[in-house]
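For reference, the chains in residue letters:
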Amino acid sequence: MNNFGPKSTREHECRLCPELVASRTQIVFPTPCPPGGLLAIGEAPGMEEDDIGEGFVGRAGRTLDALLVQHGIERNRDYGVANIVRCRPKDNRKPYKHETDNCLLWLSIFLLRNRPKVLLLVGSMATEVFLGPGPLYWHIERSRKSPVLLAKDALPTLRHAIRLLHGMLDGVFAVPMPHTSGMAWNRRAPNGKMWREIGEEQVELAVECLKSSHVT
């Protein structure tokens, strides 16, 4: 299990979502990034994450690790991981809206504790939570013009935290990318490229944002 440090009893024993409480083995807490670092954010824990108690440890997470290591970005040194929802939904279904709403408060607190400079949004759900509705490919194209995260685009629960992060870090970036699962990774995007290729390009963009404006 990760060692994120002290948590309030309320956070550690959260029972706001009865269906998630029934389906989870444990709450999968985020792992921290250094101030001004990179935070990868996914949808929800899968089976392996639920068993181990740490996010992004399954096959998709290992794929992301490998992509970042290629750029010299290492987990627990340069980047951390989090999910929109901290408990595994039954059969890996998509989290319900009220479950997302309940968990975003915890994510807001985590963002302010860790102060990431770059958010790497893995998959459609994380992208929509921070960047608003719309096709993933559209958000990706938009990020290539400007990856700056605007608080007004995020869901209301996150907006205050994002504004505070902008003040602390002189700007925050958000880079959306396709999910790294094999099923998603091997499909084609609307422009005909493999999603894998677009994912590699987005990781490179996130690393460029991190290295060009790193806060020490």
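These numbers come from a predicted model, not from an experiment. (Residues numbered from 1 in each chain as written. Predicted model: local features only at pLDDT ≥ 70, side-chain atom pairs only at ≥ 80, totals over all residues. Heavy atoms only, no water.)

K.L.:
I'd like a description of the pairing of strand 3 (residues 118–122), backed by residues and values.
P.N.:
Across the five residues that make up strand 3, a large majority, five, are buried. Along strand 3, one buried face is formed by Val-118, Leu-120 and Val-122 and the opposite face, lined by Leu-119 and Leu-121, is buried too. Pairing of strand 1 (residues 38–42) with strand 3 involves four bridges; the strand directions are parallel. By the bridge assignment, Leu-38 is partnered in strand 3 with Val-118. Pairing of strand 3 with strand 4 (residues 173–177), which is carried by five bridges, proceeds in the parallel orientation. Paired with Leu-121 across the strands is Pro-176, a residue of strand 4. (Buried < 20%, exposed > 50% of the residue type's maximum accessible area, 1.4 Å probe, protein only. Helix = DSSP H or I, 4+ residues; strand = E, 2+ residues; numbered from the N terminus. Pairing = 2+ DSSP bridges.)

K.L.:
If you had to explain unusual backbone geometry to someone new, which residues and values would you point to?
P.N.:
Phi at Phe-56 takes a positive value of approximately 60 degrees, unusual for a residue other than glycine. Relative to the assigned elements, Phe-56 resides in the loop between helix 3 (47–52) and helix 4 (59–69). Although it is not a glycine, Arg-115 adopts a positive phi angle of roughly 55 degrees. Looking at the element boundaries, Arg-115 is found in the loop between helix 5 (97–114) and strand 3. A relative accessible area of 31% places Arg-115 in the partly exposed class.

K.L.:
Describe helix 8 (residues 156–169), and please don't skip the residues or the numbers.
P.N.:
Taking 1.5 Å per residue, 14 residues should reach 20 Å; helix 8 reaches 21 Å between its end C-alpha atoms and fits that length. Taken as a whole, helix 8 has its buried residues at Leu-158, Ala-161, Ile-162, Leu-165 and Leu-169. The arc enclosing the buried residues of helix 8, seen along the axis, measures out at 105 degrees, which places them on a common side. Residues of helix 8 that are exposed and point more than 90 degrees away from the buried face comprise Pro-156, His-160 and Gly-167. (Expected span 1.5 Å × (residues − 1). Arc of directions from axis to C-beta.)

K.L.:
Help me get a handle on the environment of Ala-184, residues and values and all.
P.N.:
Within the secondary structure, Ala-184 sits in helix 9 (residues 182–185). With 10 residues separating them in the primary sequence, Ala-184 and Met-194 have C-alpha atoms 9.5 Å apart. Leaving out residues up to four positions away in the same chain, Ala-184 has contacts with His-179 and Trp-195. (Contact = heavy atoms within 4.5 Å.)

K.L.:
Which residues make up the pairing of strand 1, and what are the values?
P.N.:
Within strand 1, five of the five residues are buried, leaving the element largely enclosed by the surrounding structure. As judged from the five bridges shared by strand 1 and strand 2 (residues 79–83), these two strands associate in the parallel manner. Residue pairing across strands places Leu-38 opposite Tyr-79, the latter belonging to strand 2.

K.L.:
Go over the sheet that holds strand 1 with me, naming the residues and quoting the values.
P.N.:
What the four strands build is an open sheet, ordered 2-1-3-4; its pairing is parallel. The open sheet has two free edges, formed respectively by strand 2 and strand 4, since each of these has just one partner strand. Across the sheet, the mean angle separating the axes of adjacent strands is 20 degrees when strand polarity is ignored. Helix 6 (residues 124–131) contacts strand 1, strand 3 and strand 4 of the sheet and is inclined by roughly 135 degrees relative to strand 3. Seen against the sheet, helix 10 (residues 195–212) touches strand 1, strand 3 and strand 4 and runs at an angle of roughly 170 degrees to strand 4. (Axes fitted to C-alpha atoms, helices over the stretch in contact; angles between N-to-C directions.)

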